[in-house]
Amino acid sequence: MLRSDSPRRFLPAALVLAAAGLALSACSMGGSTAGLALAPGLSARMDQPGASLDRAQAIDIINAYRATNGLPALQHDPALDGTAQALATQYAQTGTPPQTPQELVAMKLSAGYSTFAETFSGWRNNAADAAALRANATRAGVAVAFNPASTYGVHWVLVLDN
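Because the structure is predicted, anything quoted here is derived from the model rather than measured.

Colleague: If you had to explain the nonpolar core to someone new, which residues and values would you point to?
Modeller: With 27 residues, the main nonpolar core has Ile62, Phe116, Trp156, Leu158 and Leu160 as its most contacted residues. Sorting the residues of this core by element identifies helix H3 (55–68), helix H5 (116–124), helix H6 (127–133), strand S3 (139–146) and strand S4 (154–161) as the ones contributing at least two each. The contacts of phenylalanine 116, once residues within four sequence positions are left out, are Leu42, Leu53, Ala58, Ile61, Ile62, Trp123, Val142 and Trp156.

Colleague: An account of the packing of aromatic side chains is needed here, citing residue identities and associated values.
Modeller: Summed over all chains, the structure comprises 3 aromatic pairs. Ring geometry for phenylalanine 116 and tryptophan 123: centres 6.0 Å apart, planes at 75°, overall edge-to-face. By the ring-pair criterion, three or more aromatic residues cluster together here, those being Phe116, Trp123 and Trp156.

Colleague: Go over H3 with me, naming the residues and quoting the values.
Modeller: With 14 residues, H3 should cover 20 Å at 1.5 Å per step; its first-to-last C-alpha distance of 20 Å lies within 8% of that length. Where H3 is concerned, the buried positions are Ala58, Ile59, Ile61, Ile62, Asn63, Ala64, Tyr65 and Arg66. In this structure aspartate 54 caps H3, since a side-chain oxygen of it lies 3.3 Å from the backbone nitrogen of alanine 56.

Colleague: Describe the environment of threonine 94, with residues and values.
Modeller: Tracing the chain through its elements places threonine 94 in helix H4 (residues 78–94). The sequence separation of threonine 94 and asparagine 147 amounts to 53 residues, and the corresponding C-alpha distance is 9.8 Å. Only 2.9 Å separates the side chain of threonine 94 from the backbone oxygen of glutamine 90, close enough to count as a polar contact. At a separation of 3.1 Å, a polar atom in the side chain of threonine 94 contacts the main-chain amide nitrogen of threonine 96.

Colleague: Before we move on, can you summarise H4 with the specific residues and values?
Modeller: Taking 1.5 Å per residue, 17 residues should reach 24 Å; H4 reaches 24 Å between its end C-alpha atoms and fits that length. Turning to H4, its buried residues are Leu80, Asp81, Ala84, Leu87, Ala88, Tyr91 and Ala92. Along the long axis of H4, the arc covered by the buried residues comes to 135°, so they all point the same way. Projecting away from the buried face of H4 at angles above 90 degrees are the exposed residues Pro78, Ala79 and Gln93. Elements in contact with the buried residues of H4: H3, strand S1 (75–76), strand S2 (106–111), S3 and S4. Its side-chain oxygen placed 2.7 Å from the backbone nitrogen of alanine 79, aspartate 77 serves as the N-cap of H4. Downstream of H4 by a residue or two, glycine 95 has a phi angle that is positive, lying close to 75°.

Colleague: Break down the side chain of histidine 155 for me, citing the residues and quoting the values.
Modeller: Position of histidine 155 among the secondary structure elements: in strand S4. From its side chain, histidine 155 meets the backbone oxygen of glycine 153 in a polar contact 3.4 Å long. Histidine 155 has contacts with Ala88, Tyr91, Ala92, Ser110, Ala111, Ala143, Val144, Ala145 and Ser150, leaving out every residue within four places of it along the chain.

Colleague: Run through the sheet that holds S2, naming residues and quoting values.
Modeller: Strand order in this open sheet of 4 strands is S1-S3-S4-S2, and the pairing throughout is mixed. Every interior strand has two partners, whereas the edge strands, S1 and S2, have only one. Direction of pairing for S3 relative to S4: antiparallel, over a ladder of 8 bridges. Counted as the bridge partner of alanine 140 is leucine 160 from S4. The strands touched by H4 are S1, S2, S3 and S4; relative to S3, the strand with the most contacts, the crossing angle is about 30°.

Rules behind the numbers
For every chain, the first residue of the written sequence is number 1, and numbering continues from 1 along that sequence. Under the rules for a predicted model, residues below a pLDDT of 70 receive no local features and side-chain atom pairs below 80 are neither given nor counted, while totals for whole chains, interfaces and linings still include all residues. Hydrogens and water are ignored here; the side-chain numbers use all heavy atoms of the structure. For this analysis, a nonpolar core means a set of buried residues of the types Ala, Val, Leu, Ile, Met, Phe, Trp, Tyr and Cys, connected via side-chain atoms within 4.5 Å. Relative accessible area decides the class of each residue, using a 1.4 Å probe on protein chains only: under 20% of the type maximum gives buried, over 50% gives exposed, and in between gives partly exposed. A run of H or I in DSSP counts as a helix once it spans at least four residues, and a run of E counts as a strand once it spans at least two, with each numbered from the N terminus. Contact criterion: two residues are considered in contact whenever any of their non-hydrogen atoms come within 4.5 Å of each other. Pairing of aromatic rings covers Phe, Tyr and the six-membered ring of Trp, with a centre-to-centre limit of 6.5 Å; geometry is then stacked below 30 degrees between planes, edge-to-face above 60, and tilted otherwise. Under the convention used throughout, the expected extent of a helix is 1.5 Å for every residue step, that is, one less than its residue count. What qualifies as a polar contact is a pair of N or O atoms within 3.5 Å, subject to a donor-acceptor requirement within protein and to the restriction that residues adjacent in sequence count only when both atoms come from side chains. As used here, the arc belongs to the directions running from the helix axis to the C-beta atoms. By this definition, two strands are paired if DSSP reports at least two bridges between them. For helices, the axis comes from a line fit to the C-alpha atoms of the stretch in contact; other axes are also lines fit to C-alpha atoms, and the angle between any two N-to-C directions lies between 0 and 180 degrees.

Have a look at this one:
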């Protein structure tokens, strides 16, 4: 079994699972799944130079998951994005998972997934990662760094704080 923060590759079914998860989230929130499509920012590939993560959509999918668990939404925090970006860049350059800064409530890492939908699906489907997504936090920041020379290429970091 993989450690929750260990780098991993995800099967192509991840996009299907992520879309199914969004559909289930919509159902549990009383929404309709008619015409449900995966948001472009969630399926955009980050394994290429110049790729840009839609951070708001990434936090939105986490908030949809939190809502299905009866938890309040996280506020997207640009300062935490900066923290997450510094950690993701370090992770991509060194290949070594960074330690969670003491001032944070939680941090989630992933490597090898090329889209946020795949990354989120991996976190949601791992008990320890899912617990962190449900942490008692109020703010979140997310980032990705791409290093084509690294083993996993794409490195993701989510940070949660109050």
